[in-house]
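Chains, contacts and geometry: an overview
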Amino acid sequence: MTHTPPRPHTLSVLAPLPLSGAYDYLVPDGPGGITLKAGDFVTIPLGKREISGVVWGPGKGGVEAGKLKPVTAPLDAPPLSGESMRFVEWVAAYTLHPLGAVLKMVMSCPDALMPPKPIAAYALNPQPPDIRITEARRRVLEVLAEGPARPAAELARAAAVGTSVVKGLAEAGVLISVNLEPPSPPAPDPALAGPELSPAQAAAAADLKGKAKTGGFSVTLLDGVPGAGKTEVYFEAVAKTLEKGRQALVLLPEIALSAQWLTRFAARFGAEPALWHSDLTPANRRKTWRRVAEGRAKVVVGARSALFLPFPGLGLVVVDEEHDASYKQEDGVIYNARDMAVVRARIGQIPIVLASATPSLETVVNADGGRYQILHLPDRHGGAVMPRVRAIDMRAQELQTGQWLSGELRAEMAQTFQEGGQVMLFLNRRGYAPLTLCRTCGHRMQCPNCAAWLVEHRRARRLQCHHCGYGLRPPKQCPSCEAEDSFAACGPGVERLAEEAAEAFPGARTVIASSDAIQGPAAAAALVEKIENHEVDLVIGTQIIAKGYHFPLLTLVGVIDADLGLAGGDLRAAEKTYQLLYQVAGRAGRAERPGQVLLQTFMPEHPVMKALVSGERKRFLKAESAMREQARMPPFGRLAALIVSGPDERAVEAAPVDADAHRLVVFEGGFDHRAELA
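As a starting point, this report considers the structure included with it.

Reading the values: rules and limits
- Residues numbered from 1 in each chain as written.
- Predicted model: local features only at pLDDT ≥ 70, side-chain atom pairs only at ≥ 80, totals over all residues.
- Heavy atoms only, no water.
- Helix = DSSP H or I, 4+ residues; strand = E, 2+ residues; numbered from the N terminus.
- Expected span 1.5 Å × (residues − 1).
- Buried < 20%, exposed > 50% of the residue type's maximum accessible area, 1.4 Å probe, protein only.
- Salt bridge = Lys/Arg side-chain N within 4 Å of Asp/Glu carboxyl O.
- Pairing = 2+ DSSP bridges.
- Right-handed = clockwise from strand over helix to strand, strands pointing away.
- Axes fitted to C-alpha atoms, helices over the stretch in contact; angles between N-to-C directions.
- Parallel < 35°, antiparallel > 145°, perpendicular 65-115°, else oblique.
- Left-handed = near helix turned anticlockwise from the far one by under 90°.
- Contact = heavy atoms within 4.5 Å.
- Nonpolar A, V, L, I, M, F, W, Y, C, P; charged D, E, K, R; others polar.

Here we come to helix α15 (residues 573–585). Its 13 residues place the ends of α15 18 Å apart at the C-alpha level, agreeing with the 18 Å of an ideal helix rising 1.5 Å per residue. Within α15, eleven of the 13 residues are buried, which leaves it mostly tucked inside the rest of the structure. Among the residues of α15, A573, A574, E575, T577, Y578, Q579, L581, Y582, Q583, V584 and A585 are the ones counted as buried.

Turning to the pattern of salt bridges, a few remarks are in order. Counted according to the given criterion, the structure contains 29 salt bridges. Between R395 and E605 there is a salt bridge; the shortest N-O distance is 3.5 Å. With a gap of 210 residues between them, R395 in the loop between β17 (388–393) and α12 (407–418) and E605 in the loop between β27 (596–601) and α16 (607–614) connect regions that are remote in the sequence. Here R430 ties to D516 by a salt bridge, and the two come within 3.0 Å at their closest N and O atoms. One end of the pair, R430, is in the loop between β18 (422–426) and β19 (435–438); the other, D516, is in the loop between β24 (510–513) and α14 (521–532), and 86 residues separate them in sequence. With relative accessibility at 25%, the residue R430 sits in the partly exposed group. Here D516 falls in the partly exposed class, since its relative accessible area comes to 30%.

Moving on to the pairing of strand β25 (residues 538–541). A two-sided burial pattern is seen for β25, the buried positions comprising L538 and I540 on one face and V539 and G541 on the other. Sheet topology note: the β18/β25 ladder contains four bridges and is parallel. Looking at β25, one finds that M424 is bridged to V539. Pairing geometry for β24 and β25, over four bridges, is parallel. Counted as the bridge partner of V511 is V539 from β25. Remark: the β24/α14/β25 crossover connection has right-handed handedness.

What follows concerns the environment of F426. Following the sequence through the fold, F426 ends up in strand β18. Here the alpha-carbon distance between F426 and L599, two residues 173 residues apart in the chain, equals 9.7 Å.

Another aspect to go through is the packing of helix α1 (residues 82–95) against helix α10 (residues 337–348). Remark: α1 packs on α10, axes separated minimally by 10 Å, with the N-to-C direction vectors making an angle of 140°. Classed by the angle they form, the pair α1 and α10 counts as oblique. Regarding α1 and α10, the two cross each other, and that crossing is right-handed. Residues E83, S84, R86, F87, W90, V91 and Y94 of α1 form the contact with α10, whose own contacting residues are M340, V343, R344, I347 and G348. Taken together, the residues of the contact of α1 with α10 sort by class into seven nonpolar, two polar and three charged.

Quick look at the sheet that holds strand β11 (residues 299–302) now. In spatial order, the strands read β10-β11-β9-β12-β15-β8-β16; together these seven strands make up an open sheet with parallel pairing. One side of each edge strand has no neighbouring strand; the edge strands of this open sheet are β10 (274–276) and β16 (373–377). Adjacent strand axes in the sheet meet at a mean angle of 20°, parallel and antiparallel pairs treated alike. Sheet strands touched by helix α6 (residues 199–214): β8 (218–224), β15 (351–356) and β16. Its angle to β16, the strand with the most contacts, is close to 150°. Against the sheet, helix α9 (residues 282–293) contacts β9 (247–251), β10 and β11, and its axis sits at roughly 120° relative to β10.

With that out of the way, let us pick up the packing of helix α7 (residues 230–243) against helix α8 (residues 259–269). The N-to-C vectors of α7 and α8 enclose an angle of 50°; their axes lie 11 Å apart at closest approach. On the basis of their axis angle, the class for α7 and α8 is oblique. Crossing of α7 against α8: the hand is right-handed. In this structure, α7 contributes T231, E232, Y234, F235, E236, V238, A239 and L242 to the contact, and α8 contributes W261, R264, F265, R268 and F269. Of the residues contributing to the contact of α7 with α8, the split by class is eight nonpolar, one polar and four charged.

Okay, here's the thing in structure tokens:
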């Protein structure tokens, strides 16, 4: 009687590559074999190289065992949780991207899959040899006698000796070498008392704390005016989550520019949160990823990519400034982190908080439909009042060529400076001028890659495309008519506005706040400190200065071109413009001094301008919602983009759209968290 040999044990392993699914691998049996389960990180052979992957489940079969390769080895890293694996599958299915491409966002730091190297240190030998003890050696021995083992450099500093003295004691056998685990930063303490909350804040905080305590999936919109103290409210939910021993994730749209938020967090919890954003060094990314995976990072604050960190015990998600367009990933795997955060919370059956002073229409519709709960904070904290908003009709202004500040705005700026206040001028255009053209022939300097106008950055002496990054030095001659020195700057950017302000107010201490001038957390923190210390009188900035900053002396905000965002074919143009200008206006008068906002506009009759002046947000949203619903636009319908690409432009333009074109569709809008989870 013949016996059929048993089929070798196989597992399905998913690699962080743009692959549609996992591949089967053999698992060695018997002595020396390895035990693996779903979620384990392993190394596998793929072609001629070895890569890391995740065990996704049992083998799928369909391939002869003799053709399968074995798993190389398990990795010493905490396994990926079942919740994270389901999240990867859901995002891949929803966004129509390969499963491996989504996993790559989770495995964004491959080096973290290896345990951190121990720190070499020295301790006293319990049975030291008898050697001559000099004064320097005695100081080293006294330091170690009074404390724990230390690395050589640290021990030498504490004893005020050179490292050669430490190494000499080790070679003589007086000190022994030991390995120390890398130290963990202090954990946030939920028991510390927070600031005193207003009645409205306390009621909202009690609601969120109750949800954090009981768990279960819920979505809460924390809707409060700028300065209402939304951050302090959701901090209470974070504290309750920490009390339960769970992890909390806070998403911010501009984490690298959130120095004030981090200061407030440290004051509330006595320690810094774990940070996750693109400006982290590779070493810090590796440490943070590992701490999150091991559950040692209890609170993580980060940009949209932090949503894909391997949390083993996530208990709360907060999306601050939930309306912000920065939450949308535009390349690679295209997703909106706000919407995917709701999905992540539902998969984990945990509460999520969406905080904003200007919630997106999608969120408002979900709240009106009863799918999200709303908590209102209608007043500013500490007795501060909302600023008075006025529109300046630029059609009635008589400005000289090259001037952009109206007479009324100039007068208010002068009065504010005289009273010791600060002024913010908002213009959402980087650089000096958005367009450069030839006076002789009218040629416009254009990007050769994406056909956008090149923006002049006069301080850097460059013409730059803000879409693809292409740049060049301003040419001496026009490339079309070869006229020399014939280029003219058309329209204002923040640099040109600063030039005009310097002529009008030569004594004002001025800074430009744009992504060109503020690069990284250190620069942002330095700028915030200067403004807070009143080392700055005038702030001229783009949209990055509109997000959550609190400057007590800032009492006047001037919007130079309030109509700027209303142009173009974006269906959300009016909504985005309202949100941005409302957030900018919210920077004024956040303390004892009342604030005012002046909107320079050529369309004071536009619904956005009227809503900002009157403060009637509900009426504006109702009208915007009715218009979208009538046209079946998001969030009441879906838009599809059919993308045809190829190396031959003529062939692409001539390509017919056939019945299979639906495979190229990318859906936008209409997100509903009730969608069935895979």
